[in-house]
Amino acid sequence: MITGKMFRDGVISASNNISNSRQAVDALNIFPVPDGDTGTNMSMTIGAAAKEMAVLPDDCTIAEASSRCASALLRGARGNSGVILSLIFRGFSKSFKGLESADGKALSKAFSLGVEAAYKAVMKPTEGTILTVIRMAAEAASETAEKSDDTLEISTAALSEAKKALAKTPEQLPVLKKAGVVDAGGQGLVLIFEGFESVFTNGAIVQPLDGSAVSVVSMPDKNKVGDASDDIEFGYCSEFLIEKLNGAKEKDPLKLRAFLESIGDCVVVVDDNDITKVHVHSNEPGNVIQAALKYGQLINIKIDNMRYQHRNAQEGVKSGEAPVMPKAEPVNKYGFVTVCAGKGLAKLFKDIGADIVVSGGQTMNPSTDDILNAIMATPAKTVFVLPNNKNIIMAAEQAIPLAEGREVRALQTKTVPQGISAMLMFDESAGADENQMAMMEAAENVSTAQVTFAARNSEIDGVPIKQGEIMGLCNGKIKFTGTDVEDVALKTASKIYKKYQTSIMTVIYGEDVSEAQAEAVKNRLSEKFGDDLEISIVNGGQPIYYFIFSAE
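Residues numbered from 1 in each chain as written. Predicted model: local features only at pLDDT ≥ 70, side-chain atom pairs only at ≥ 80, totals over all residues. Heavy atoms only, no water.

**Q** Give a detailed account of the overall build of the protein, specifying residues and quantitative values.
**A** In terms of helices and strands, the protein carries 20 helices and 18 strands. Residues counted as buried form 54% of the 552 residues belonging to the protein. Taking as baseline every contact in the protein between residues at least 6 positions apart, the subset at least 24 positions apart corresponds to 73%. For the protein, the accessible surface area stands at approximately 24200 Å², while carbon and sulfur atoms represent 49% of it. (Helix = DSSP H or I, 4+ residues; strand = E, 2+ residues; numbered from the N terminus. Buried < 20%, exposed > 50% of the residue type's maximum accessible area, 1.4 Å probe, protein only. Contact = heavy atoms within 4.5 Å. Areas by Shrake-Rupley, 256 points an atom, 1.4 Å probe, with all protein chains shown as cover.)

Right, dumping it as C-alpha cells:
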C-alpha cells in the first residue's frame, strides 16, 4: 500500500532528483534558441508541489497529499512540459480521491487517468515525447496490476517501461536521433519517477546536491501579504541558508530563532547536519543577516520588500513566485492580461490597453498562478490573455477554470508582434466571440523575425550551429547564422519582407542593442527597399532577442 506519507515524501524526493539534474535535462533541448528550458520548467513546477507537501503531517491520507500536490502543480506549472506534468498528477489525484492509502488497483488507475488527462490537453500529440513515456509506463502498470496487487511491483514495472520508452524516443523523432539525445520532457519524467521509487523502495528521500532540501516542517506562507501595503507590519521577507562553520561564534539554532521572533514573525529555523534554513518577516533585514553570520556563511540569500511588491503589483507581475495582488471587482466589460519581457514592451502594451503585464517570455516562463493572479487583478468580466510565446499558451489555458467570477479567453499568440496586432484589432463594441476571432486573425497575419544567439551547440537541417553564434529566425525557423548582429538582422528582416510582400515593418530592439544600432538597421532596410517599406522603431528593452521584426 502507498500511504499519504509515502506519496508526500515521494514528491519531495522527485523534486530534489530532477533539480539535481536540471541543467543536464536543459541541455537535451536540441533547438539552440535560449528558452524556458524543459528541465528548469519541470523542476520549478514540481518544486511548487514539494513546498506544499512540506507542511503535511505524517498521518496525512494519500487523497489529501495527492489533491494538494495536483493543485500546487497546476498553479505552479511553467511551460508546456510543466503543464503536462501537472495534468499527469491531476489524474493521480482523481484515482486516489477518498482513499486513506492506495493499493495496486488504485495505482494502476492513477497512471491511466494521468495519461488520459495529458493526451487530452495536447491538440496534436507527438510520439517520442513525454506523452509516449507516460503512456508506456501506464500500460506496464496496467499489465502488472492484472497479475499482482503489489504497489511496489507495479511502480517498479512502470518506471522500468518509462526508461525503455525514453531510450526509444530517438527512433520516433528523427531530430532527436540526429542530435544523439533522448526527449527532454521524457527524461524529466523518468527522473521524477526515480525520486518516487527511492521512497517506495528504500524509504529514502533523494537529497539535493546543494544541501537545500525541502524539509517536512510546518512552513508559513510568505505570500500572505496584507490587503494593503500599509497593513503589512513586517515589510521584508528574508530567506537564506546558513552553511555551518566549525569556528562559528554561535552554535545553537534555538538562540537564533528566539532573536528573530523578537524582531519579526513567520519565523522558520530548520536545522540540519551542515545547513540551517532560515525564513523571517521583519523590518530589520540587516540585523537578520548580521545575526545569522555568527553561525556560518550565508548562501542563497533572498530578501523581498513585500510593501514594494504590493504597491507595484498593478504595474506587472514578476515571473517566479507570484506576489499576491489585490483582487479587482469586475466592473468593466473587457480587460487584458499580456505577457512580455522588457520595460519598453510593457509600456507599449499598457499604452494600447493592457490592464496587467506579466513579466516573462523566453528563459522565464511565468506559471499558471502568475497568470491567474493577473487575471483576478484585472477589473473586467471578460479577460483576454495574450501569452505571446508558444511555451506559455498551455499555462495560460490552465488558468481559465481557476478564474472565479471571470470569463477568460486565452488567445494563442506565439510572439510579441502577434500580441500587439491582436490588441490593436480589439473592438469595444463587438462581442467576446467576434473579438476573439478578429484578434486571432490579425495575429495570424503577422510575420515575426527574431535575432538572438545560440544557447548551445546544435545542428539544424544539417547545418552546424556553434554556441554564441548570432541566429536569425523567421516565424520560429532558423534561417541565418553569423557573427555580426546587424548583418544577421538585415538578412532576417529582408527575408520576411520579400516572402510576405509586407508594406509595414516595426523594428523592436532589445536591451543589448543601442538606438544607433537600431537606426543603422532601419537605414539599411530603407536603402534596400526604398519607399515600398514603411519602417518604425520601438525600444522594447527585451532580453535574449537583439531584434524583433514585425511585418504585416
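On we go from here.
**Q** Please provide a residue-by-residue account of the packing of helix H7 (residues 130-145) against helix H10 (residues 184-202), values included.
**A** Close contact between H7 and H10 brings their axes to 7 Å; oriented N to C, the two are set at 40 degrees. Put simply, H7 runs oblique to H10. Two secondary-structure elements touch here, H7 through Ile130, Val133, Ile134 and Ala137 and H10 through Gly185, Gly186, Leu189, Val190 and Phe193. Classifying every residue of the contact of H7 with H10 by side-chain character gives 7 nonpolar, 2 polar and no charged. (Axes fitted to C-alpha atoms, helices over the stretch in contact; angles between N-to-C directions. Parallel < 35°, antiparallel > 145°, perpendicular 65-115°, else oblique. Nonpolar A, V, L, I, M, F, W, Y, C, P; charged D, E, K, R; others polar.)

**Q** Before we move on, can you summarise the environment of Asn305 with the specific residues and values?
**A** Position of Asn305 among the secondary structure elements: in strand E6 (residues 296-305). Among the residues examined, Asn305 registers a relative accessible area of 29% and is labelled partly exposed. Linking Asn305 and Gly235, residues 70 residues apart in sequence, is a C-alpha distance of 5.8 Å. Excluding residues within four positions of it along the chain, Asn305 makes contact with Gly235 and Tyr236.

**Q** Give a detailed account of unusual backbone geometry, specifying residues and quantitative values.
**A** Backbone geometry places Asn388, a non-glycine residue, at a positive phi of 60 degrees. The residue Asn388 is located in the loop between strand E9 (380-386) and helix H16 (393-398) in this model. Unusually for a residue other than glycine, Ile544 sits at a positive phi of about 70 degrees. Checked against the element boundaries, Ile544 lands in the loop between strand E17 (534-539) and strand E18 (547-551).

**Q** Account for a positive patch on the surface, with residues named and values stated.
**A** A surface patch of positive charge is lined by Lys477, Lys479, Lys495, Lys498, Lys499 and Lys528. Of all the secondary structure elements, the ones that give two or more residues to the positive patch are strand E15 (477-482) and helix H19 (485-500). Per element, the largest residue contribution to the positive patch is 3 residues, and it comes from H19. Within the secondary structure, Lys528 sits in helix H20 (residues 515-529). (Patch = residues over 30% accessible without salt bridge, like charges linked within 9 Å, V, L, I, M, F, W, Y side chains within 5 Å. Salt bridge = Lys/Arg side-chain N within 4 Å of Asp/Glu carboxyl O. Lys, Arg positive; Asp, Glu negative; His and termini not counted. Charge placed at Lys NZ, Arg CZ, Asp CG, Glu CD.)

**Q** Talk me through the packing of aromatic side chains; I want residue IDs and the actual numbers.
**A** Counted according to the given criterion, the structure contains 15 aromatic pairs. Between the aromatic rings of Phe7 and Phe96, the centroid separation amounts to 6.1 Å while the plane-to-plane angle is 80 degrees, which identifies the pairing as edge-to-face. Pair noted here: Phe7 is in helix H1 (residues 4-20) and Phe96 is in helix H5 (residues 79-96), with a separation of 89 residues, a long-range link. A relative accessible area of 2% places Phe7 in the buried class. Residue classification places Phe96 among the buried residues on the basis of a relative accessible area of 1%. (Phe/Tyr/Trp six-rings, centres within 6.5 Å; stacked < 30°, edge-to-face > 60°.)

By themselves, these observations are geometric and do not establish any function.
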